[in-house]
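Coordinates in review
What follows is each chain in one-letter form.
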Amino acid sequence: MGGAQPLQAVFTARSICGLDVTAIGCHHPCMATSTSIPIDQLRSRFRGPIITPSDAGYEAAAAVWNGSIRRRPALIAQCTGAAVVIAAVQFAREHRLLVAVRGGGHNIAGNATCDEGLVIDLSRLRTVRVDPKARTAQVDPGCVWGDVDHETQAFGLAAPGGIVSTTGVAGFTLGGGFGHLTRRFGFASDNLVGADIVLADGNLVHVSATENEDLFWGVRGGGGNFGVAASFDFQLHPAGPEVLGGLIFHPAERAPALLRFLRDFLPGSAEELTVFTVLRKAPAAPFVPAEFHGRPVIANLVVHSGDPAQADRDLAPLRSFAQPLVDLVTRRPYTAVQALTDASWLPGFENYWKSDYLTGIPDGAVEVLAAHLDSISSPLSDFKVAYLGGAAARMPDDSALSHRTFPWILNINTRWKVGEPAERHLEWTRSLFEDMKPFSAGKVYVNFLMDEGQDRVRAAYGADKYDQLVALKRRYDPDNFFRLNQNIRP
Ligand SMILES: Cc1cc2nc3c(=O)[nH]c(=O)nc-3n(C[C@H](O)[C@H](O)[C@H](O)COP(=O)(O)OP(=O)(O)OC[C@H]3O[C@@H](n4cnc5c(N)ncnc54)[C@H](O)[C@@H]3O)c2cc1C
């Protein structure tokens with residue numbers, strides 16, 4: 001890839017155990033502080049590009065979605081199939097390399113990359129194969145949700161994906177994953193019926209309800225702690241090709257009344273209907289009246305995936321709540337709805353997130369949310385309140401995914417341009433998060449965590465599931481080889 005390679009390129013890198021071993025509780029036998037990486041040994045077993053810092057494509061390949069993460073791996077091994085994932089795992093083991101695994105690269109904590117180690121990059125693997133009769137799809141680990149939606153919608157089928165089409169399927173599903181179809185069909189991980197996993201010892205195993213059931217329990221919510229998922233099998237459901245969807249904008253002054261309305265309306269609403277409430281400054285978009293550009297607004301991102309006549313009826317109370325600034329809800333292709341907000345979430349910006357499950361939105365919470373809308377520090381930021389429930393809460397509690405019965409989620413997505421001073425954005429985020437603490441359930445969704453310490457990882461699973469995950473980790477990855485994730489310490 002790119003510039004000339006020395007016959008035997010050698011890099012100096014800290015070993016996996018050279019990195020912060022006390023903090024991560026390393027059990028790996030090696031304690032070497034440095035090692036050299038004989039890349040040609042990897043090349044001889046590998047298919048696909050192996051990118052090093054001297055290669056032309058390095059900067060692009062090393063970057064992840066969150067522009068605040070700037071790490072410099074020694075090697076980026078772009079995999080072309082399970083065999084090379086196995087080769088990369090074995091090579092990293094032999095040479096005691098820190099390993100990061102990259103699916104879609106969207107993780108806010110930047111766990112898809114690392115300093116000095118090896119990135120097992122799956123992003124070139126993007127095939128989706130649909131079996132319309134069985135209503136299943138086999139999905140490669142580098143796919144983003146737009147890939148899956150494109151293929152499955154050809155048959156009027158869908159799996160519950162995320163609300164931005166460029167988000168990776170792999171990290172999303174391994175951590176749970178919710179979106180516009182979750183109230184109807186559960187989390188993405190509820191719809192995972194099988195997966196191929198390359199374990200820390202380099203063996204590949206298939207997991208399903210009848211094979212390696214303990215690991216199947218763990219990969220549905222437990223993240224990348226147990227191995228590299230080389231393939232995913234999803235159950236699909238009829239949805240689309242058109243759904244009712246779009247945004248309804250209201251002025252900020254209406255935020256308290258609208259939030260109070262939503263807390264009463266959503267719990268009893270149809271499961272085909274999803275409403276993500278977005279509080280932000282209005283974009284200078286042609287569809288927003290010019291006098292509101294840059295002013296705080298509250299918008300409902302609405303999707304109804306059911307019967308058209310029913311959809312209109314189910315949405316009527318929300319539409320008649322008050323005269324909006326603009327109502328953009330209309331029938332659209334499901335694939336278009338899935339990409340509706342993509343433009344606001346392009347890669348390459350600084351991002352800082354805080355999130356918690358809420359116990360509800362009592363009046364005190366309404367006040368806090370409305371006050372912080374007025375003081376929002378960046379025109380690129382938003383904070384969202386989502387209500388799940390429905391099938392998300394009803395599905396069997398048979399996986400590592402936790403907190404499904406907590407329907408309210410607060411997600412603060414602070415975002416600003418690279419190079420802009422960060423402090424006021426961090427302060428605003430922390431102050432909103434702190435002020436919402438009285439309404440927090442003390443639980444967090446693992447896929448929205450940054451690098452927030454071990455207590456927060458525990459909060460993502462709860463004590464019982466965390467202990468079960470530790471036992472599983474001890475069984476499948478006692479050396480904590482897969483540690484760049486929301487880490488379950490063995
Ligand atoms: C713009 C945006 C929108 C989002 N929207 C939603 C949403 O609607 N709903 C929701 O639930 N979440 C959402 N998220 C959060 C999302 O679920 C996480 O960011 C998730 O980690 C993304 O997965 P990825 O494959 O892109 O991430 P990556 O950064 O590639 O990986 C994330 C983690 O998973 C591990 N991993 C990745 N691939 C594999 C693999 N094949 N095998 C083993 N481990 C692997 C990585 O090592 C890392 O620890 C969103 C995130 C962003 C940035």
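Being a predicted model, the structure only gives us computed values, none of them experimental.

1. Overview of helix H9 (residues 255-265)
- Along H9, the positions that sit buried rather than exposed are Ala255, Leu258, Leu259, Leu262 and Phe265. Viewed end-on, H9 has its buried residues packed into an arc of 135 degrees, placing them on one side of the element.
- Tucked inside the fold, the buried residues of H9 contact strand E14 (242-251), strand E15 (273-281), strand E16 (296-304), helix H10 (308-319), helix H12 (363-374) and strand E21 (408-416).

2. Re the nonpolar core
- Core analysis: the biggest nonpolar cluster contains 43 residues, and Val139 and Phe234 have the highest contact counts within it.
- Here the element with the most residues in this core is helix H15 (residues 454-476); it accounts for 9 residues.
- With residues near it in sequence (within four places) discarded, Val139 still touches Thr127, Val128, Val148, Val169, Ser231, Phe232 and Phe234.
- In this structure, Leu262, Leu318, Val366 and Leu369 belong to the second largest nonpolar core, which totals 38 residues.

3. Topic: unusual backbone geometry
- Residue Pro241 follows Gly240 across a cis peptide bond; omega there is 0 degrees.
- Note that Pro241 resides in the loop between strand E13 (237-238) and E14.
- Phi is positive for Arg135, which is not a glycine, with a value near 55 degrees.
- Within the chain, His403 stands out as a residue other than glycine whose phi angle is a positive 65 degrees.
- Secondary-structure assignment places His403 in the loop between helix H13 (391-394) and E21.
- What makes His403 buried here is its relative accessible area of 12%.

4. As for the site of the ligand
- Lining the immediate environment of the ligand, one finds 34 residues, of which Val101, Gly103, Gly105, Phe178 and Tyr445 sit closest.
- For the ligand, an oxygen atom lies 2.9 Å from a polar atom in the backbone of Asn107.
- Interatomic distance of 2.8 Å between a backbone N/O atom of Ala229 and a nitrogen atom of the ligand.
- Considered on its own, the ligand offers 950 Å² of accessible surface; in the complex 96% of this is hidden by protein.
- Every element with two or more residues in the shell around the ligand is listed here: strand E5 (99-102), helix H6 (169-174) and strand E12 (228-235).
- Looking at the shell around the ligand element by element, the count peaks at 4 residues for H6.

5. Things to note about the side chain of Gln338
- Among the secondary structure elements, Gln338 is positioned in helix H11 (residues 334-338).
- Gln338 gets classed as buried once you look at its relative accessible area, which sits at 0%.
- In this view, Gln338 contacts Asp149, Gly161, Gly162, Ile163, Val164, Ser165 and His180; residues no more than four positions away in its chain are not counted.

6. Observations concerning the side chain of His250
- Take His250: it is sitting in strand E14.
- Under the relative-accessibility criterion, His250 is labelled buried at 1%.
- A distance of 2.8 Å separates the side chain of His250 from the side chain of Arg254, its partner in a polar contact.
- Apart from residues no more than four positions distant in its own chain, His250 is found in contact with Leu258, Val297, Ile298, Phe321, Ala322, Gln323, Pro324 and Leu325.

7. Some points on the packing of aromatic side chains
- Summed over all chains, the structure comprises 16 aromatic pairs.
- A centroid spacing of 6.1 Å and a plane angle of 80 degrees characterise the contact between Phe178 and Phe276, whose relative ring orientation is edge-to-face. Of this pair, Phe178 sits in the loop between H6 and helix H7 (182-185) while Phe276 sits in strand E15, and the two are 98 residues apart along the sequence.
- Directly above the aromatic system of Phe216 lies the positively charged group of Arg220, at a separation of 3.8 Å from the ring centroid.

8. A closer look at the sheet that holds strand E3 (residues 50-51)
- With mixed pairing, 4 strands are arranged side by side in an open sheet as E3-E4-E6-E5. Bordering the open sheet on either side are E3 and E5, each of which pairs with just one other strand.
- Sheet topology note: the strand E4 (residues 75-78)/strand E6 (residues 118-121) ladder contains 4 bridges and is parallel. Across the sheet, the residue bridging to Leu75 is Leu118, located in E6.
- With respect to the sheet, helix H4 (residues 82-94) is in contact with E4, E5 and E6, its orientation differing from that of E6 by roughly 165 degrees.

9. Remarks on the state of the cysteines
- Counted under the stated rule, the structure contains 0 disulfides.
- You can see Cys114 has no disulfide; the closest cysteine sulfur is in Cys79, sitting 13 Å from it.
- Note on Cys114: relative accessible area 1%, which makes it buried.
- Looking at Cys143, it has no disulfide partner, and the nearest cysteine sulfur is the one in Cys79, 14 Å off.

10. Things to note about H4
- For H4, spanning 13 residues, the distance from its first C-alpha to its last is 18 Å, which sits close to the expected 18 Å at 1.5 Å a residue.
- Residues of H4 that are buried include every one of Val84, Val85, Ile86, Ala87, Ala88, Val89, Phe91 and Ala92, and no others.
- Arg96, located one to two residues past H4, shows a positive phi value of around 55 degrees.

11. Let's talk about the sheet that holds strand E10 (residues 192-198)
- Across the sheet, 5 strands lie side by side as E7-E8-E12-E10-E11; this open sheet has antiparallel pairing. Each end of this open sheet is capped by a strand with a single partner; those strands are strand E7 (128-131) and strand E11 (204-208). Within the sheet, the average angular offset between the axes of one strand and its neighbour, ignoring direction, is 15 degrees.
- Where strand E8 (residues 136-139) lies against E12, 4 bridges are found, and the strand directions are antiparallel. Residue Ala137 lies in a different strand from E12, and its bridge partner there is Phe234.
- Docked against the sheet, helix H5 (residues 145-153) engages E7, E8 and E12, running at close to 35 degrees with respect to E7.

12. Some remarks on the confidence of the model for the protein chain
- Mean pLDDT over the protein chain works out to 92, with 93% of the residues at or above the 70 mark.
- Contacts of residues 1-35 to residues separated by more than four positions or lying in other chains number 74 contacts, the stretch itself having pLDDT below 50.

Definitions and limits used
- Residues numbered from 1 in each chain as written.
- Predicted model: local features only at pLDDT ≥ 70, side-chain atom pairs only at ≥ 80, totals over all residues.
- Heavy atoms only, no water.
- Buried < 20%, exposed > 50% of the residue type's maximum accessible area, 1.4 Å probe, protein only.
- Helix = DSSP H or I, 4+ residues; strand = E, 2+ residues; numbered from the N terminus.
- Arc of directions from axis to C-beta.
- Contact = heavy atoms within 4.5 Å.
- Core = buried A, V, L, I, M, F, W, Y, C linked by side-chain atoms within 4.5 Å.
- Near = heavy atom within 4 Å.
- Polar contact = N/O pair within 3.5 Å; in protein donor to acceptor, adjacent residues only side chain to side chain.
- Areas by Shrake-Rupley, 256 points an atom, 1.4 Å probe, with all protein chains shown as cover.
- Phe/Tyr/Trp six-rings, centres within 6.5 Å; stacked < 30°, edge-to-face > 60°.
- Lys NZ or Arg CZ within 6 Å of the ring centre and 35° of its normal.
- Pairing = 2+ DSSP bridges.
- Axes fitted to C-alpha atoms, helices over the stretch in contact; angles between N-to-C directions.
- Disulfide = S-S within 2.5 Å.
- Expected span 1.5 Å × (residues − 1).
- pLDDT = per-residue confidence, 0-100.

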